Amino acid sequence: MSLMLASVTGPEEAEIAVRQGADIVDLKDVGAGFGTVTPEVVRVTVAAVGGRRPVSAVVGEQDVERIAATAAALAEAGASYIKIGLSPDRRRDDLIRALAPLARKAKLIGVMFADARADSTLIPVMEQSGFAGVMLDTARKAGTRLLDHMDITELALFVDAAHAHGLMAGLAGSLETPDIPRLLQLAPDVLGFRRALCIDHDRNGRIDPDAVAAVRALIPADTLKRHHGGEAVPKVDYGVLAARGYSVDAHKEDAAADRIFVRDFDLPVSIGAYLHERARPQNVRFNVEARIYRGDRVAEDMGDVFSYDLIKDSIRVVAAQEHIAFVETLAERIAALILTYPRVTSVTVRIEKLDIGAGVEIVRERRAEVAKVHHLYPAAGGTPRAAN
């Protein structure tokens, strides 16, 4: 399951985050962006949290020796995870290797920045140096978020690469609530938040209990013991879990349905059975309509809707994977992926190769007895999940 990381400034905000269900309390100097907190702040926050959640702490220093010394001090103060900022203005591979001795004693997370030359070739270096995980964030916190710098297919490759090298994968960077279901389908180990948790979405302001609860409500809660404590968390297929807080309910027999559609969505796609069609991508147009079971109340927040972004992301992910010989195969794969969301009862996929004006349209349905849905988790702003 993906864990919810809440970035806080100290023990008072940490208590709010824990009470509202955050899985990891992350300490940083938010005024400095990716700023380092003192060992004393870590110490008092760890004491206040009292073992209810793991506590992580940020190291945003520039000098290699200071990074190592600061990270060691934060670990000594009780931080379960140490997040190391990997800025592109220094030899990041050398820094990672220099931290290998500390990685044998503390759980280090290498943080790369999507808006500052994130480099996937550093992932195997982190594995070799004993890091526990790798995370993507944004260096500049004004105006843009992670998905403004990397699209869903690039983020999927990042998560897959981290997992292939045995590392936890985290995603952060001014994430907003509509981003959550889109990113959950990639199965990251951690989703990190600050701005979305704060009053008026001001990351320099105080965190708001209702905002924390709203984010928590959109991330399926893990009732098992988490990474912290030594027990592995079983891999969960988020395609089987409901998007936006919905799940299968075999007892609801006659739910009303709506239609969500994407029209004239054009992408370059490597497609075609002829040899000459492998030389360059072709212009392909997608029109997709999904019939979804309606929720049991009027939409009030992100937990109540099924977004067209999920359809567009499904198209992008399938189209980017490999050369596909036939439009029929492409259509089948897109339909199958969209039908993994339990709210979707049927999907129509129309694909047209624009250069030749030809294509295919298919309609696929799921069995009615497995397509009924209900709310899986309490609504945002409701009773918070009990701390475990």
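Structure shown above.
### Some thoughts on the environment of Thr70
In step 1: One can find Thr70 in helix 3 (residues 64-76).
In step 2: Along the backbone, Thr70 and Val37 are 33 residues apart, and their C-alpha atoms lie at a distance of 9.5 Å.
In step 3: In this structure Thr70 touches Thr36, Val59 and Glu61, once residues within four positions along its chain are discounted.

### So, the nonpolar core
In step 1: Counting 68 residues, the largest nonpolar core has Leu171 and Phe193 as its most contacted members.
In step 2: Per-element accounting of this core gives the leading share, 6 residues, to helix 8 (residues 152-164).
In step 3: Contact partners of Phe193, with chain neighbours within four places excluded, come to Met4, Leu5, Ala6, Ser7, Leu175, Ile180, Val215 and Ile219.

### A word on the packing of helix 1 (residues 11-19) against helix 2 (residues 39-49)
In step 1: Contact geometry of helix 1 with helix 2 gives a least axis separation of 9 Å together with a crossing angle of 35°. The two elements helix 1 and helix 2 cross, and the hand of that crossing is right-handed. Along its contact with helix 1, which presents Pro11, Ala14, Glu15 and Val18, the element helix 2 presents Val44, Thr45, Ala48 and Val49.
In step 2: The residue inventory of the contact of helix 1 with helix 2, partitioned by class, reads 6 nonpolar, 1 polar and 1 charged.

### A closer look at the side chain of Thr138
In step 1: With respect to the element layout, Thr138 can be found in the loop between strand 6 (133-137) and helix 7 (146-149).
In step 2: Non-local contacts of Thr138, meaning those with residues more than four positions away in its chain, are made with Phe113, Asp115, Arg145, Leu146, His149, Ala172, Gly173 and Ser174.

### Comments concerning the pairing of strand 8 (residues 190-193)
In step 1: Burial along strand 8 is two-sided: Val190 and Gly192 facing one way and Leu191 and Phe193 facing the other are all buried.
In step 2: Strand direction decides the pairing type here: strand 1 (residues 3-8) and strand 8, joined by 4 bridges, are parallel. Residue Leu5 lies in a different strand from strand 8, and its bridge partner there is Gly192.
In step 3: Summarising the sheet, strand 7 (residues 168-171) and strand 8 pair through 2 bridges and their orientation is parallel. Each residue of the ladder has a partner; that of Gly170, found in strand 8, is Val190.

### Things to note about helix 3
Given 3.6 residues per helical turn, the α-helix brings residues three or four places apart onto the same face.
In step 1: Between the first and last C-alpha of helix 3 there are 18 Å, a value that for 13 residues agrees with the 18 Å anticipated at 1.5 Å per step.
In step 2: Taken residue by residue, helix 3 has Ile67, Thr70, Ala71 and Leu74 as its buried positions. Projected down its long axis, helix 3 shows its buried positions confined to an angular sector of 100°, all on one face. Of the exposed residues in helix 3, those oriented more than 90 degrees away from the buried face are Glu65 and Glu76.
In step 3: The inward-facing, buried residues of helix 3 contact helix 2, strand 3 (55-59), strand 4 (81-85), helix 4 (92-98) and helix 5 (100-103).
In step 4: Positive phi appears at Gly78, one or two residues downstream of helix 3, with a value of about 120°.

### Let's talk about the packing of aromatic side chains
In step 1: Applying the stated criterion to the full structure yields 2 aromatic pairs.
In step 2: Measuring from ring centre to ring centre gives 5.4 Å for Phe34 and Phe113, while their planes differ by 85°; the resulting arrangement is edge-to-face. Placement of the pair is Phe34 in the loop between strand 2 (24-27) and helix 2 and Phe113 in strand 5 (residues 107-113), with a sequence separation of 79 residues. In this structure, Phe34 and Phe113 share a single accessibility class: buried.
In step 3: When the ring centre of Tyr293 is taken as origin, the NZ or CZ atom of Arg291, which lies over that ring, is 6.0 Å away.

### A look at the packing of helix 11 (residues 308-319) against helix 12 (residues 327-338)
In step 1: In contact at an axis separation of 9 Å, helix 11 and helix 12 are set at 135° when each is read in the N-to-C sense. With respect to helix 12, the element helix 11 is oriented oblique. Crossing angle aside, the handedness with which helix 11 passes helix 12 is right-handed. On the side of helix 11, the interface is formed by Ile311, Ser314, Ile315, Val318 and Ala319, while helix 12 contributes Leu330, Arg333, Ile334, Leu337 and Ile338.
In step 2: Classifying every residue of the contact of helix 11 with helix 12 gives 8 nonpolar, 1 polar and 1 charged.

Definitions and limits used
Residues numbered from 1 in each chain as written. Predicted model: local features only at pLDDT ≥ 70, side-chain atom pairs only at ≥ 80, totals over all residues. Heavy atoms only, no water. Helix = DSSP H or I, 4+ residues; strand = E, 2+ residues; numbered from the N terminus. Contact = heavy atoms within 4.5 Å. Core = buried A, V, L, I, M, F, W, Y, C linked by side-chain atoms within 4.5 Å. Buried < 20%, exposed > 50% of the residue type's maximum accessible area, 1.4 Å probe, protein only. Axes fitted to C-alpha atoms, helices over the stretch in contact; angles between N-to-C directions. Left-handed = near helix turned anticlockwise from the far one by under 90°. Nonpolar A, V, L, I, M, F, W, Y, C, P; charged D, E, K, R; others polar. Pairing = 2+ DSSP bridges. Expected span 1.5 Å × (residues − 1). Arc of directions from axis to C-beta. Phe/Tyr/Trp six-rings, centres within 6.5 Å; stacked < 30°, edge-to-face > 60°. Lys NZ or Arg CZ within 6 Å of the ring centre and 35° of its normal. Parallel < 35°, antiparallel > 145°, perpendicular 65-115°, else oblique.

By themselves, these observations are geometric and do not establish any function.
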